[in-house]
Amino acid sequence: MRKGLRKNKGYFGKFGGRFVPETLVPALSEVEEAYRTIGRSREFKARLNDLLANYAGRPTPLYHAQNISNRLNFKLYLKREDLLHSGAHKINNTLGQALLAKMMGKTRVIAETGAGQHGVATAIACALLNLKCAIFMGKVDVERQKSNVYRMRLCGAEVIPVESGSQTLKDAINEALRDWVTNVRSTYYLFGTAAGPHPFPTIVRDFQSVIGQESRKQILKAEKRLPDTLVACVGGGSNSIGLFYPFLRDKVKFIGVEAAGMGISSGKHAAALGAGRPGVLHGTYSYLLQDKDGQIKIAHSVAAGLDYPGVGPEHSFYKENRRAKYVSVTDKEALAAFHLLSEVEGIIPALESSHSLAYLLKSKKEFAGQMVIMCLSGRGDKDLEEVLRVENE
Amino acid sequence: MNRIEEKLKQLKKENKKALILYLTAGYPSLAATEKLVPELERAGADIIELGVPFSDPVADGVTIQRTSAAALASGTNLTKIFRTVSRIRKKSRVPIILMGYYNPILSYGLDRFVADCKKKEVDGIICADLPPDEAQELLRLTRKAEIGLIFLLAPTSTPERIKLVTKASCPFIYYVSVTGVTGVRKSLPKDIRAKITQIRRYTKKPVCLGFGVSNASQAKEVLPFVDGVIVGSALLDCIEKAGRNYLDAAKKFTASLAAVTPHPSLSPTGRG
């Protein structure tokens, strides 16, 4: 499972790598080495599995959503990551990495957050493991996500508003990297998605692969066969890579759904794979939104968790070798799916996950007669204010 | 021989240390950059680094973040920077290094970038987020074109990294004095001398020190151990504060630094 770490210095085809200031190279090697040794130890695995089961609430159900299946004309299973502690898949990764940081002897953890989901999941893990925690969050996001800021502070994290650049997620990552460069000896950077410099894309994928591993077992038990298609939303791409990866060698189609925001042609979107081109941002070579001069463009999506101009390098690899198909849906389509799932299944999905469902609704003919697993990566409670705001505009 | 290399050799002969100044290209404007470079040379700068602005400068502190954003807002890009270098070359032969981040260079095209560096007489390249491990292609191209590709070492660098970087970096090694981003510091770390001594065990190439050096007294403090100092944020702060009088202010600041560069070296060959 970890061969990505030894092979080709963290490359997935031509994507990935470690494009960072020299100061951070030894720190990344240290994380890589710790992951290879501590992360593989029996003690680490036992502690993580215990936390995932008894603290976070794994395994999550694989739920056959009958009502929506009837409308779609194919059989849809939802992998219920929304039922996890903290309400999203993010905690699979933060528990894993925070435990790694703890066992490495690091005393302080930093992380970036956009809307606050990864920040909250990091704050929770650090509270549990008694690690000092600082979360970098764009000033714009601090203002529009007050309740998540309060959640992080409740769990003892320091929330640092980032006033540089566009004051959103990408600038929060810049600032977290600057902090890491400065405090590299004591600090662990807990990266939130399957992007960033090597070894983060591999580490995050591995910790999120529990989604796909469980789904695989559960579907084989329920249906005695593998699904035809897997669908998940792609921002940085951690829940999708976590669902896809354990099915990599199976005859199962992968579909990643990006955020088309106000439409690709409007320029206000977050479809790095769909409308970007390869480049280097935040330490990795991957598809990204950039202008003709290689300056990074600001992403847009109603779903804050998809609002990132880059994407994990493994997705870029799957795009180029066509192992996965990447599509996009607009804010509007995602909002419609958000309502529909709430109405017919009584499940309020996160706006991020609503993108996956929106694609299934939009292209239901493509899946006629199939069996499909969709990752319901998070619950929508966090989005209620945003949905009310958008719909009142 | 490459102009940077030549300059460093000449300075060594004269028992002087190199004063390397960093300017964000396009700050406060490209016309200002064009004026500043020859004037700074006259005031005592030995080598000029022109910062290629990038939207996401992770290795930079607030000053260079601000000047980069301003330069980008007024439309600075590599094409225009090369044009400015051409104009500068009519007035000055000072060695020029382009310093920036990888993505704008990658987007410009590595082949085209190195070819234009050659054509416009740029002498070196520093890429803050490109360690030698990821630089095979750029190394190949710059070596062929005899353009310097300078890599960085940091206080966190292990012997393994020092070995790799000193081998790849040409014609000098850029030592980052602090664990941190660019910007003015009240004081410099105490471990500089020891780290430079360690680096010298692996290489005979010159070692220049940057990040955090902001005035003549700090420069004086480190000059005995290194072959040159690199000053950026403090110069840009000075330019920013001076407003319309930026040229005079920058010259005065440069002269104050240049006054300390004929520093007696601690090496046995030095006359001091």
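Since this is a predicted model, take the numbers as computed values, not measurements. Per chain, residue numbering runs from 1 following the sequence as it is written. Note on labels: chains are lettered from A, ligands numbered from 1, in written order. Thresholds applied to this predicted model are a pLDDT of at least 70 for local features of residues and 80 or more for the giving and counting of side-chain atom pairs; totals over whole chains, interfaces and linings are not thresholded and use all residues. Side-chain metrics rest on all non-hydrogen atoms present in the structure, leaving aside hydrogens and water.

Strands are runs of DSSP state E lasting at least two residues, helices are runs of H or I lasting at least four, and both sets are numbered from the N terminus onward. In terms of helices and strands, chain B carries twelve helices and nine strands. Rg of the C-alpha trace for chain B: 17 Å, near the compact-globule value of 19 Å for 272 residues, within the 12% margin. Here the C-alpha coordinates of chain B stretch approximately 45 × 40 × 30 Å along the principal axes. Three labels apply to residues, based on accessible area from a 1.4 Å probe with only protein chains included: buried if under 20% of the type maximum, exposed if over 50%, partly exposed otherwise in between. The buried share among the 272 residues of chain B stands at 64%. The contacts in chain B between residues at least 6 apart in sequence include a share of 73% that link residues at least 24 apart. Atoms counted for the radius of gyration: C-alpha only. Globule rule: 2.2 Å times the number of residues to the power 0.38. Residue contacts are defined here by distance: any two heavy atoms, one from each residue, within 4.5 Å place the two residues in contact.

Scanning chain A from N- to C-terminus turns up 17 helices and 14 strands. The principal-axis extent of the C-alpha atoms belonging to chain A is close to 55 × 50 × 40 Å. Looking at chain A alone, contacts between residues at least 24 apart form 72% of all its contacts between residues at least 6 apart. Computed by Shrake-Rupley with a 1.4 Å probe, the accessible areas treat only the displayed protein chains as cover when residues are assessed. Within the structure as shown, chain A displays about 14300 Å² of accessible surface, and the carbon and sulfur contribution to it stands at 51%. Under the convention used here, Asp and Glu are negative, Lys and Arg are positive, and both His and the chain ends fall outside the count. Positions of charges follow a simple convention, taking NZ of Lys, CZ of Arg, CG of Asp or CD of Glu. Taking the average place of the 54 positive charges on the side chains of chain A and the average place of its 39 negative ones, the gap between the two points comes to 7 Å.

Turning to the sheet that holds strand S7 (residues 173-176) of chain B, a few remarks are in order. Residue and element names in this part refer to chain B. Read across the sheet, nine strands follow the order S5-S4-S3-S2-S1-S9-S8-S7-S6 without closing on themselves; strand pairing throughout is parallel. The strands lining the two open edges of the sheet, one partner per strand, are strand S5 (148-150) and strand S6 (152-153). Here strand S1 (residues 18-24) pairs with strand S9 (residues 228-231) via four bridges, running parallel. Directly across from leucine 19, in S9, lies its bridge partner valine 229. Here the axes come from fitting lines to C-alpha atoms, over the contacting stretch only for helices, and the angles between their N-to-C directions go from 0 to 180 degrees. Contacts from helix H9 (residues 192-200) reach S6, S7 and strand S8 (207-210) within the one sheet, and its direction differs from that of S8 by about 150 degrees. A pair of strands counts as paired when DSSP detects no fewer than two bridges linking them.

Taken together, the contact between chain B and chain A spans 36 residues of the former and 36 residues of the latter. Sorting the residues of chain B by area buried against chain A places B:Asp56, B:Val58 and B:Glu134 first, and these three jointly supply 21% of that buried surface. Here, a salt bridge means any Lys or Arg side-chain nitrogen found within 4 Å of an Asp or Glu carboxyl oxygen. Our count for the contact surface shared by chain B and chain A stands at two salt bridges. Among the ionic pairs, A:Lys170 bridges to B:Asp56, the shortest N-O distance being 2.9 Å. Two N or O atoms count as a polar contact when they lie within 3.5 Å, although within protein this holds only if one can serve as hydrogen donor and the other as acceptor, and sequence-adjacent residues are included solely when both atoms are side-chain atoms. Put simply, chain B and chain A have 21 residue pairs in polar contact (both at pLDDT 80 or more) between them. Buried area adds together the accessible area that both of two parts lose upon being put together, with accessible area traced by a 1.4 Å probe.

Moving on, we get to the packing of helix H8 (residues 159-168) of chain B against H9(B). Packed helices, taken two at a time, are described by the angle their axes make and the gap between the axes. All names here are of chain B. Their axes nearest at 10 Å, the elements H8 and H9 cross at an angle of 60 degrees. Classified by the angle their axes make, H8 and H9 are oblique. Pair H8 / H9 crosses with right-handed handedness. Between H8 and H9, the residues in contact are Pro159, Ile162 and Thr166 and Lys195, Gln198 and Ile199, respectively. Angle categories are assigned with fixed cut-offs, so that under 35 degrees is roughly parallel, over 145 is roughly antiparallel, 65 to 115 is roughly perpendicular, and the rest are oblique. Crossings are sorted by hand: turned counterclockwise from the far helix by less than a right angle, the near helix makes the crossing left-handed, and turned clockwise it makes it right-handed.

All names here are of chain A. With parallel pairing, the four strands of this open sheet are ordered in space as S7-S6-S5-S8. The open sheet has two edge strands with one neighbour each: strand S7 (158-162) and strand S8 (187-189). On average, each strand axis in the sheet is tilted by 25 degrees relative to the strand beside it, whichever way the strands run. Together, strand S5 (108-113), strand S6 (132-138), S7 and S8 form the strand contacts of helix H9 (residues 169-182), whose direction differs from that of S5 by roughly 160 degrees.

Glancing now at the confidence of the model for chain A. Mean pLDDT over chain A stands at 95; residues scoring 70 or higher make up 98%. Throughout residues 1-7 of chain A the model reports pLDDT below 50, and contacts reaching past four residues in sequence, or to other chains, amount to 18 contacts. Per-residue confidence from the predictor is reported as pLDDT, which spans 0 to 100.

Attention now moves to the nonpolar core. If you look at the biggest cluster of nonpolar residues, it comprises 127 residues, and the most contacted ones within it are B:Leu21, B:Leu40, B:Leu50, B:Leu98, B:Phe113, B:Phe172 and B:Tyr174. Per-element tally for this core: the top contributor is S1(B), with six residues. Look past the residues within four positions of B:Tyr174 in its chain and what remains in contact with it is B:Glu49, B:Met99, B:Ile126, B:Ile150, B:Phe151, B:Leu152, B:Leu153, B:Cys208, B:Gly210, B:Phe211 and B:Ile230. One finds A:Met104, A:Met137, A:Val142 and B:Tyr101 within the second-largest nonpolar core, a separate group that totals 68 residues. For this analysis, a nonpolar core means a set of buried residues of the types Ala, Val, Leu, Ile, Met, Phe, Trp, Tyr and Cys, connected via side-chain atoms within 4.5 Å.

All names here are of chain B. For leucine 188, the location among the structural elements is in the loop between S7 and H9. Between the alpha carbons of leucine 188 and threonine 24 there is a distance of 23 Å; along the sequence they are 164 residues apart. Setting aside residues up to four positions removed in sequence, leucine 188 forms contacts with Ser177, Phe211, Gly212, Val213, Gln218, Glu221 and Val222.

For the rest of this paragraph, the subject is helix H4 (residues 78-89) of chain B. Residue and element names in this part refer to chain B. Each helix should span, by expectation, one fewer than its residue count multiplied by 1.5 Å. With twelve residues, H4 ought to run about 16 Å at 1.5 Å a step, and its terminal C-alpha atoms sit 16 Å apart, in line with that. By the burial criterion, the buried members of H4 are Leu78, Ile81, Phe82, Thr84, Val85, Ile88 and Arg89. One face of H4 carries all of its buried residues, which in axial projection span an arc of 160 degrees. Its buried side turned inward, H4 meets helix H1 (3-13), helix H2 (30-43), strand S2 (47-51), strand S3 (96-100), helix H5 (102-108) and helix H6 (110-119). In this structure asparagine 77 caps H4, since a side-chain oxygen of it lies 3.3 Å from the backbone nitrogen of threonine 79. This arc corresponds to the set of directions leading from the helix axis out to the C-beta atoms.

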